[in-house]
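Reading the structure
Listed below, chain by chain, are the residues.
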Amino acid sequence: QVQLVESGGGLVQAWGSLRLSCAASGSIFSINTMGWSRQAPGKQRELVAAITSGSRINYADSVKGRFTLSRDNAKNTVYLQMNSLNADDTAVYYCNLKMGWSGQYSYWGQGTQVTVSS
C-alpha cells in the first residue's frame, strides 16, 4: 500500500510564494519519479513538474523560472517551491508517484488547493 500526503496549499496574493510538500509512504521502489500535476476548473489535469530518483527534473513551460522542484530521497518527499504566482496558477495540485520500468504503478495524492488572488 502506498500513500501520498500533501501539504502546503492555500490562498496567496499575486506575485506571492507557496511551498508544497508531498511525502510518500509504503512500499516505495528506490527508482521512481515523483512530481506534481494540477487541474484548474474546466481544464484537464496537466503536469507541472516531475523529478526522478536520479534528480532529473522536467518542468512545464508555464512554470519554468518560477517553480523549483526538489526531493529528499531518504524521506521519499518532494517539495515544490512556487514563486511569482499568478491567477493562472490557481488549481488543485496533485502529487504523483510513478514506479516500475514504464511507470505502470502510479499513485496520486488527494490534492491541495492553491488559489492566487489578483
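Before reading further, recall that the structure is shown in the block above.
Report follows, based on the coordinates. As the structure is a computational prediction, the values presented were derived from the model and not from experiment.

**Considerations on the environment of Ala24**
- Residue placement: Ala24 occurs in strand β3 (residues 18-26).
- By relative accessible area, Ala24 is classed as buried at 8%.
- Along the backbone, Ala24 and Gln39 are 15 residues apart, and their C-alpha atoms lie at a distance of 21 Å.
- When near neighbours in sequence (up to four residues on either side) are disregarded, Ala24 contacts Gln3, Leu4, Met34, Lys75, Asn76 and Leu97.

**Brief notes about the nonpolar core**
- In this structure, Trp36, Leu80, Met82 and Tyr93 are the most contacted members of the largest nonpolar core, which totals 29 residues.
- Here this core takes five residues from strand β9 (residues 91-99), the largest share from any one element.

Thresholds, definitions, all that
- Residues numbered from 1 in each chain as written.
- Predicted model: local features only at pLDDT ≥ 70, side-chain atom pairs only at ≥ 80, totals over all residues.
- Heavy atoms only, no water.
- Helix = DSSP H or I, 4+ residues; strand = E, 2+ residues; numbered from the N terminus.
- Buried < 20%, exposed > 50% of the residue type's maximum accessible area, 1.4 Å probe, protein only.
- Contact = heavy atoms within 4.5 Å.
- Core = buried A, V, L, I, M, F, W, Y, C linked by side-chain atoms within 4.5 Å.

Any functional reading would require information that these geometric values do not contain.
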